[in-house]
Every structure is written in structure tokens, then in C-alpha cells.
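Per-entry structural report
Take a look at the letters that make up each chain.
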Amino acid sequence: MVKEMLTGNYAAAWGARLSEVDYVPAFPITPQTEIIETLSQWINDGEMNAKFTNMDSEHSMITAAGTAAATGARVFSATSSQGLLYGYEMLYNVTGWRVPLVLVNVSRGLSAPITLEPDHNDILSTRDSGFIQIHAETCQEVLDTILMAYRIAEDERVLLPVLINMDGFYLSFTREPVEIPCKDAVSRFLPEYNPKHAFFKASKPMSQGVAVLGGSAYSYFKYQMHLASLNVLTVHDEVAGEFKRIFGRSYSATEAFKIDDAEYVIIMSNSFTIKGKAAVNKFREKGLKAGLLRLRLIRPFPSTELKAFLRGKKAVAVIDQNISPGSGGILFKDVTTALYHDPDRPERILSFIGGLGGKDIGHAEFKHIVEEMEKSIETGIVPETQLLYTKNDLEHINNLLNIAGNPLEGLEN
Amino acid sequence: MIKRVRFHGRGGQGMKTASRIVGTASFLEEFFVQDCPLYGAERRGAPMVAFTRLSKEPIFERGIITSPDINMIADETLLGDKSANVFQGTWEGTITIVNTHYPASHVRNVYGVVGEIVTLDITEIALNVIGESVLSSTAAAVVCKLTGMITESSLEKAVIKELSSINLKKELIEKNLQAALTCFDRIPETHPHYFEPIKEDKMDEIVKLEYADPRIGTPSVYAKGNTRLKKTGNWRLFRPVIDHEKCSRCRTCFVYCPHSCISIDEGDYPQIDYENCKGCLTCFYECPKKVISKDHEVRAW
């Protein structure tokens, strides 16, 4: 085991290397490219024994990943934002084939307007594809989660691919100390992949992902995917337990921060969670019982665990770093659905949208969230979904709009 | 105690590596640490920023540093560049270090710098010792000393580690090390004015967005010809100079200039638009007669 300063991208490459993957189909896109560049270098230098292929698009890349996994190879790939969307069609195919590959997404806001900084509309657009989704907060967690992901994906109770999310820039280009586990420990945790289920072999012809006409066959196979995904709730905890035993680091489906005696709980995901934790610490210094939950396992959604954490709390605020125009925050719906039938659910659940395109979420925003929770308890009125946008932000955009030129000025009626 | 360091420079000057050297030096001191560059659509010569956070306690922050404790301005031409906004969020507790031959008092008077200010001509040190105006090790050394938390030996190891990782030759690493240690020595150990005032939170407030006319509420630019208003001449680290007496008027430079900054005058000679020439030096390398020289830009402001 060594500790090194690694970016999230480099940590992801280490995760793939330690997992001894056989095949890496790749296509570059900012802010992900460093992952595949690193792997390509290692494979070229003979430090990694795998096949690397630069594809012509993400659509081909995900197809290649899925088909290779269907032959029993251990497959890794990475993409981001527009790239993930370009390969979107094939995400649904590879889940239908029930192949256990691991794909890392480096979150970046979707165009238009085009940007390089993160939010989660890219990754959450794939939430219904059947991929297992795990969202990481730190560079260490990126590496560790890749090791865990192969264990989960290759489990006979699951056999679904896993998407791991990390925020562009905030993790992808940020270096922090990361423990790189030693090879022996990893081999004990993640043995060589020997698939027992159906897979392609020259000596054993078969068809996978066949056409079905008539809804009963289609429904049967789709629902099998749902059941497989639900099995991850159990499998994840088992794998996390073993990970802790071997590496000493502990991951749960939902991370609880100062939650036990908390009355007000903020729910977040990914790297911005650290800003929420800092806010919770500040509120606690002032005597307010605040806490935080970080959603790590997004698919399957750990409803039971969430219910247990939030039972009896005064108010909950979900910060969605995504927006479903015309509806609001995506994760807010999962949270409220999980809580609705619990007789002891929190009194109020509020919805906020923040951090779109990497916009900072500052203390003013967190203060506003807590005030809104208190106000809602007092008045009994739950506000509509609110955008976390400040006076400074408004000044900034007005300044930009001014430079861009106002077409309404000098307009004849 | 947390130290937030922000590096301002131009693409190619080595500020990403500087932030990493400070990061690795802090890591070797067993601090909690983060370092990161901010990539936009930057190219060589364009203003860029990088950040390092070091702390004895776990760091509850990520991303851009809006209010630095140490503000390294490695390129003096950025001082006057509004878009680079190098003094953003500086306060009484900030130590600003400017790479310039001017004394600190001069920079303070011209720019009304808040907080402490230190100047050192690290370009001169880099040119003298390394022979190139690459500022990664020198800028990192200055910052390491100003943190008051990093030893010379950690700086030394960090310079070697980071420069080896980008495959620099051994002798060049040696020279970088020498330049770094020179800078480390030139910054006084305890500056009388370094102090830690208490910072008050500036509170912003939440506003509600209303529906805007779609001509405003969509990402469109209506102002015409505004690209021309953005002069890019201050990106230049080196100025290409054509010796017109020896020029054969072959037009190679005119054809190769990627920014269309070379025009042909009435006498058929190439002329460089210095207001916009970014100093990429393509003309310098492509000139078949080798009659284009490069002059280091100094005292640019």
C-alpha cells in the first residue's frame, strides 16, 4: 500500500489497473481524457496487461465494451457528459445483455449552453437504463468504488453493469492523498473473473440479447433487470463489509454525517457534499441540530435505509445538482417517494436546485435552506422547488448580458 | 489552520506544476492537501489559475479559491487584465506575491493592493539559473516559504518528484532545484507584516429568478464584432521581430501565422500586429531565412 497525490482521473485509472481489466475501449472527452490517456500509457509501457482500443465514438465504445464483456472479459471504460449521451442507446442494450462491465462518468453539465464544469444531468439521464449507479465524493472513493463495482457487477445475483460518477474538475482534476492498495490485497478482495453464466465462446455458440415480439417476453426480461438491480441493496452491503475488512475503509449506500440527533437534514450527492458538511459544522457551532445525508448508491435507490435515517426528523432539504425542466429536482422525487408511506416521516421535505454547471453553493445558500426549513415548520407551508441563486450571481449574469448586447433596446415596439 | 493558495499565470508558464509542487511538498509534511488547475478553453499564453489548499486539519472545501491567503501572480501583465481578475477576493490577511522587478510599494500604489505584498523577479532568477522563463519551481518555492509551514527539504523532494513525473531531464531538474532554493532563500522567514486577521463572512442573499424575454433568457450574443475588442497581445511572453533588411518577402510567416496577425504592407513586407500577436512564435520557427528573432517581453505594464 502506498499513499500518493492523485487526481480523481488518475485514481480511476488505478482502480481499473488494480482490477486487472482485460479490455479498455476508449474515446476521449474533457474532463475524462486523463483516465484513458493514463491507461493507454500503462498498457503501452507493459505495466498493465490489457487490450486498449481507441474507438470512433462513444456509441461504438459502449457497444465494444458490452460485447467484450459478453465474451467473459473484464471491461473498463470512461466517458463524460455529451459522450455519455452519444452512447446512450447502447447503455440500454448492454444492461439488457446483463454484462458486468464498469463505466466511469466524469460529470459535466450538458450543452447548450456548453460548459466544462459539473452537474448531474448527464449521469442522471441514464438512471432508468438498468446500470447500477454509485456516485463518489472523493478521489479515494473513486478508486475504491471501482474495485467494489466489479465485485457487485460480477455477482450472480446482479450481472448488471455499473456506472460510477465523479464530478469533473472538483475530483477529475483535483489531486489529494489517495491510498493505492497493494496487488495482493486487491486479489484477495477481487478474484479473477470466471463467469459461470452464459457467455460467448467459439466452441459454444449461442445468441444473446435476442429479439422478442410480444410483451410477455419483453416484460419478463425487463423485470428481471429490476429484480437484479434490487439485489444490489444486499450485495453492496456484503461487498462493502468485506472491503472494510481488507482495506479498512467503510462505504455505505447512504453516508450519514452528524445525523443521529439532527433535526434538520440536508441531502446531497457527489463532491459538493463537502460544502454541505462544512455548513452543518457551522450550524452546529451555533447550536442548530443539523445533519447531512449523502446519496452514494443512486440505482438501486436505498429507500429502506433512507427511511430509517430520516424517521422523526423535523425537516429535510434535498439539494439536486440537476434540473428536470418543468418538474424540478430529480433526486427529490426518489426521496419523497421513499418517505411517503412512512408514518413517522419528516414533517417537511423541501426541494432545492443548486450547483448547476459547477456554480458554487456558498454559506448564504445553506443558511437560506435552513431558514426555509424552519419557516416551513412554523407556517406549515412547503415552498415550491427553489433555485439556489444569489444577488452576486444575478449581478454577474446581468453584466454578461450587457456585454452580449440587449436586443430589446432600441426596438420599435 | 488552512492555507489557500491561488496561482495566476499564463498557459505554459508552469503554474499547474507550481500548484502541484506546493501540493506534494505539503503532502510530504503530512498535511491534508488538495491541488488543482482550472481548465477552461485555455491555450498557451492565455490567463489561467491553479489552486493549492494545505491544512493541519481535514479540508472541508473543494474547487475554486475565491479568497486566497497567498495570491501568486506569476505574470505581471495580468495585473492590468480585467478578465484575469487577479485581486478577486483578496483581503487584509492575503499575502500577494508579484513576479516583477518593481518594488512592492510601487505595485501597491498602482493597484491599491489589499493586504501584504511581496515582489520578487522570479523570471530573472529562472532565466539566469535555468535558462528559460519557466516558473513552476521558482513560484512554488516562493509560495512554500510564505506558507511558513513547509521546509526546504520537502520543497526539494517535491520539485524532484513533480519534475521527474513530467519527464524532465536530470540536469534541468538540477537547475530548477537550484533556482527554487535561491527563491526560497530570498523570501524572508518571518515578514513583520504577515498576520492572521479574523475574516468576516460576507453574506450574499438568495434571489428569485423571473421569466425573461427569450431574447435575453437564451444564451445568445447580439453585440457585433466584439471579438476584435479583446486584444490578445498581452498573452505574449516573447515578441517575434522581423529583420526587414534581410527579409526575402517570401510570405511564409504570413501564411503560417495561426492568428492572422501578419499582414503584407505596400512594399510587400510582412508586418506583425503586436496588439494581437500572442507570441506563439510559429513565424520564428517557420521563417526559411531565419530572419525573425524573439525578444523577451519585460516591463510590459
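The rules we used
- Every chain is numbered on its own, with residues counted from 1 as its sequence reads.
- Lettering for chains starts from A, numbering for ligands starts from 1, and both go in the order in which the items are written.
- In keeping with the model being predicted, local features are shown solely for residues with a pLDDT of at least 70 and side-chain atom pairs are shown and tallied solely at 80 or more, while totals for entire chains, interfaces and linings include all residues.
- Every helix listed is a DSSP run of H or I at least four residues long, and every strand listed is a run of E at least two residues long, numbered separately from the N terminus.
- Two things to know: the radius of gyration comes from C-alpha atoms, and the globule rule equals 2.2 Å times the number of residues to the power 0.38.
- For every residue, the other C-beta atoms within 10 Å of its own C-beta are counted; 20 or more classify it as buried, 12 or fewer as exposed, and values in between as partly exposed. C-beta atoms are placed from the backbone.
- Definition of nonpolar core: a set of buried Ala, Val, Leu, Ile, Met, Phe, Trp, Tyr and Cys residues joined via C-beta atoms within 7 Å.
- Throughout, a residue-residue contact means that the two C-beta atoms, derived from backbone geometry, are no farther apart than 7 Å.
- Throughout the structure description, domain borders are defined by an automatic or database domain assignment.
- All amino acids are sorted into three groups, where Ala, Val, Leu, Ile, Met, Phe, Trp, Tyr, Cys and Pro are nonpolar, Asp, Glu, Lys and Arg are charged, and the leftover types, Gly among them, are polar.
- Paired strands are those between which DSSP finds at least two bridges.
- Here, axes are lines fitted to C-alpha atoms. For helices the fit covers the stretch in contact, and angles between N-to-C directions go from 0 to 180 degrees.
- The handedness of a crossover follows from its direction of travel: if, with the strands pointing away from the viewer, the path from the first strand over the helix to the second runs clockwise, the crossover is right-handed.
- For any helix crossing, the convention is left-handed if the near helix is rotated counterclockwise from the far helix by under a right angle, and right-handed if that rotation is clockwise.

Examining the overall build of chain A
- Tallying secondary structure elements over chain A gives 14 helices and 15 strands in all.
- Computed over its C-alpha atoms, the radius of gyration of chain A comes to 22 Å, within 12% of the 22 Å expected for a compact globule of 413 residues.
- Taking the principal axes of its C-alpha atoms as reference, chain A extends roughly 70 × 60 × 55 Å.
- Split into buried and exposed, the 413 residues of chain A put 50% on the buried side.

Considering the environment of Met15(B)
All names here are of chain B.
- Note that methionine 15 resides in helix α1 (residues 15-28).
- For methionine 15, a count of 26 C-beta atoms within 10 Å translates into the label buried.
- Each C-alpha atom of the pair methionine 15 and methionine 72 lies 9.3 Å from the other, and the pair is 57 residues apart in sequence.

Observations regarding the nonpolar core
- One finds Ile164(A), Ile267(A), Ala317(A) and Ala139(B) to be the most contacted residues of the largest nonpolar core, which totals 172 residues.
- Sorting elements by how many residues they give to this core places helix α7 (residues 139-154) of chain A first, with 10 residues.
- The residues contacting Ile267(A), other than those within four sequence positions of it, are Leu293(A), Leu295(A), Val316(A), Ala317(A), Val318(A), Ile319(A) and Val335(A).
- Counting residues in each nonpolar core, the second largest holds nine residues, with Cys257(B), Ile272(B), Cys277(B) and Ile292(B) among its members.

Notes on the domain arrangement of chain B
All names here are of chain B.
- As far as domains go, chain B holds domain 1 (2-186) and domain 2 (226-296).
- Computed from C-alpha coordinates alone, the two centres of domain 1 and domain 2 are separated by 31 Å.
- Each partner contributes to the interface: domain 1 provides seven residues, whereas domain 2 provides eight residues.

A short note on the interface of chain A and chain B
- Counting residues at the interface gives 35 residues for chain A and 30 residues for chain B.
- Residue assignment for the side of chain A that touches chain B shows that the elements contributing at least two residues are β8 (175-180), α10 (273-285), α13 (363-379) and α14 (391-404) of chain A.
- Residue contributions to the side of chain A that touches chain B peak at six residues, all from α14(A).
- Across the side of chain A that touches chain B, the residue classes break down as 19 nonpolar, 10 polar and six charged.

Considerations on the environment of Ile319(A)
Residue and element names in this part refer to chain A.
- Residue placement: isoleucine 319 occurs in strand β13 (residues 315-320).
- Between the C-alpha atom of isoleucine 319 and that of alanine 211, which follows or precedes it by 108 residues, the distance is 41 Å.
- In contact with isoleucine 319, other than residues within four places in its own chain, are Ile266, Ile267, Met268, Phe352 and Gly354.

A short note on the sheet that holds strand β5 (residues 102-107) of chain A
Residue and element names in this part refer to chain A.
- Strand order in the open sheet formed by five strands is β4-β5-β7-β6-β12, with mixed pairing between adjacent strands. With partners counted over all chains shown, the strands left at the sheet margins are β4 (76-79) and β12 (297-299), one partner each. The sheet shows a mean angle of 25 degrees between the axes of neighbouring strands, taken without regard to direction.
- Note: strand β6 (residues 132-135) against strand β7 (residues 162-167), four bridges, orientation parallel. The partner of glutamine 133 across the bridge, within β7, is leucine 163.
- Strand contacts of α7: β5, β6 and β7, with the helix running at about 170 degrees to β7, the strand carrying the most contacts.

Some remarks on the pairing of strand β5 (residues 95-98) of chain B
Residues and elements named next belong to chain B.
- With burial as the criterion, each face of β5 is covered, one bearing Ile95 and Ile97 and the other bearing Thr96 and Val98.
- Relative to β5, strand β4 (residues 70-73) runs parallel, the two sharing four bridges. Its bridge partner lying in β5, methionine 72 is registered against isoleucine 97.
- Relative to strand β6 (residues 116-119), β5 is paired through four bridges, and the arrangement is parallel. Directly across from isoleucine 97, in β6, lies its bridge partner valine 118.
- Following the backbone out of β5, through helix α2 (residues 104-111) and into the adjacent parallel β6, one traces a crossover that is right-handed.

A look at the domain arrangement of chain A
Residue and element names in this part refer to chain A.
- Domain boundaries in chain A define domain 1 (2-247) and domain 2 (254-396).
- The centre of domain 1, based on its C-alpha atoms, is set 28 Å off from the matching centre of domain 2.
- Taken together, the contact between domain 1 and domain 2 spans 25 residues of the former and 21 residues of the latter.
- Residue assignment for the side of domain 1 that touches domain 2 shows that the elements contributing at least two residues are α6 (121-124), β6, β7 and α9 (215-247).

A look at unusual backbone geometry
Residues and elements named next belong to chain A.
- That bond from alanine 112 to proline 113 is cis: its omega, 0 degrees, falls within 30 degrees of zero.
- Within the secondary structure, proline 113 is located in the loop between β5 and α6.
- Each neighbour pair has its own omega, and for arginine 299 with proline 300 the value is -5 degrees, a cis peptide bond.
- By the secondary structure assignment, proline 300 is in the loop between β12 and α11 (303-310).
- Located in the positive-phi region is phenylalanine 169, a residue other than glycine, with phi close to 65 degrees.
- Following the sequence through the fold, phenylalanine 169 ends up in the loop between β7 and β8.
- For phenylalanine 169, a count of 25 C-beta atoms within 10 Å puts it in the buried group.

Description of the packing of α10(A) against α13(A)
Residue and element names in this part refer to chain A.
- Two elements in contact, α10 and α13, have axes whose closest approach is 10 Å; the angle formed by their N-to-C orientations is 60 degrees. Judged by the sense of rotation from one axis to the other, the crossing of α10 with α13 is right-handed. Of α13, the residues touching α10 (which contributes Gly276, Ala279, Lys282 and Phe283) are His363, Phe366 and Val370.
- Among the residues making up the contact of α10 with α13, the classes are represented as four nonpolar, two polar and one charged.

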